[in-house]
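Commentary on secondary and tertiary structure
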Amino acid sequence: MMVAFLGQLAHAQTSFKHIPLQYIVALGDPSASSGSNAQWWGLWRQDPGPRGCMLEDFGKLKASGGVAPAQWKFDNKDWWLEEHGSIMEKPDFPLPPGKYVVTGGREVTTVLTVYPMGKDGAERWELDNGAKLYDVTHLPCHAARYTPATGDNSCSPAMAQRTAFPVAPGVPMPSIKGCNKQDYAVLFVIGEAIEVLQKDASRNKVVEIEE
């Protein structure tokens, strides 16, 4: 399916390659096809779920100095949960500019373009072919960011209600006492741009130039 899709891409000047599955966390109106806030989007280059720690193991995570078995460090001022109650490492912020082949694992697969950050600190983003953010959101995946509502120690996974998990598709992640919560959409990344094709006027042929 990936090969067929890449062959249909309308980006005559861009080549794409298939990559192991990555995950974008996005903020925006589900009905939007573009925006100017990709500086607030992040990227997991590996599936953070299996690398996480379940809520019931939070005591062990604290006892280890906040270092998870996967060797990422828990930050009590900024931590993430997924739909099964797994505490996850932070994504990388901001989302690097480039072209990504994204899908929600449903009917739509398209290209997401993230433009370089402007002088105002904003990164524009745009989906091809009129696709909406909702179209490329993987609905079963939930990701929420929790930060302290008051003091540094006011927000803890220990305060989460474990009976609230797993969280069904379409249902917001649970609020947790002492925390501010931000829900994110999750997009699958299955390909990325690697080359730009340019016309070599002197030889009158197309050559491949690495970006």
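Fair warning: this is a prediction, and the values are worked out from it, not measured in the lab.

Regular strands place side chains that alternate from one sheet face to the opposite one. The two faces of strand β5 (residues 79-82) match: W79 and L81 on one face and W80 and E82 on the other face are all buried. Between the end of β5 and the start of strand β6 (residues 86-88), which pair antiparallel, lie three residues, with G85 showing a positive phi angle near 90°.

Relative to the assigned elements, S175 resides in the loop between β10 (143-148) and β11 (179-200). The class of S175 is exposed, set by a relative accessible area of 62%. Spatially, the C-alpha atom of S175 lies 9.8 Å from that of M159, the residues being 16 residues apart in sequence.

A complete count under the given rule lists one disulfide for this structure. Paired through a disulfide, C155 and C179 show a sulfur-sulfur distance of 2.0 Å. An S-S torsion of about 100° defines the bridge between C155 and C179 as right-handed. Here C179 lies in strand β11 and C155 lies in the loop between β10 and β11, a separation of 24 residues in the sequence. Just as C155 is buried, C179 falls in that class too.

What follows is about the pattern of salt bridges. Proximity of charged atoms lets side chains of opposite charge pair with each other. In total, this model carries seven salt bridges according to the counting rule given. D57 serves as the salt-bridge partner of K60, at 4.0 Å between the closest nitrogen and oxygen. Relative accessible area serves as the criterion here: at 28%, D57 is assigned to the partly exposed category. Where K90 meets D75, a salt bridge forms, and the shortest distance between an N and an O atom there is 2.7 Å. Taken as a pair, K90 in the loop between β6 and β7 (98-103) and D75 in the loop between α2 (58-63) and β5 lie far apart in primary sequence, 15 residues in all. The class for K90 is partly exposed, based on a relative accessible area of 37%. A cluster of three or more residues bridged by salt bridges with shared partners is formed by D75, D78, K90 and R145.

This structure, assessed with the given rule, holds eight aromatic pairs. On the basis of an interplanar angle of 15° and a centroid distance of 4.8 Å, the ring pair of W79 and Y146 is categorised as stacked. With W79 in strand β5 and Y146 in strand β10, the pair connects residues that are 67 residues apart, well separated along the chain. Under the relative-accessibility criterion, W79 is labelled buried at 1%. By relative accessible area, Y146 is classed as buried at 0%.

Conventions we followed
- Numbering of residues starts from 1 in each chain and follows the order in which that chain's sequence is written.
- Where totals are concerned, whole chains, interfaces and linings use all residues; where local detail is concerned, this predicted model gives features only for residues with pLDDT of at least 70, and gives and counts side-chain atom pairs only at 80 or more.
- With hydrogens and water set aside, each side-chain value is computed from the structure's full complement of heavy atoms.
- To sort residues, take the accessible area from a 1.4 Å probe on protein chains only and compare it with the maximum for the residue type: under 20% means buried, over 50% means exposed, and anything in between is partly exposed.
- Only DSSP runs of H or I reaching four residues or more are called helices, and only runs of E reaching two or more are called strands; each is numbered from the N terminus.
- Strands pair, by our definition, only if DSSP identifies at least two bridges between them.
- Throughout, disulfides are identified as pairs of cysteine sulfur atoms within 2.5 Å of each other.
- Just to be clear on terms, a salt bridge is a Lys or Arg side-chain nitrogen sitting within 4 Å of an Asp or Glu carboxyl oxygen.
- Working definition: a ring pair exists when centres of Phe, Tyr or Trp rings (six-membered ring for Trp) sit within 6.5 Å. Plane angles under 30 degrees give stacked, over 60 give edge-to-face, the rest tilted.

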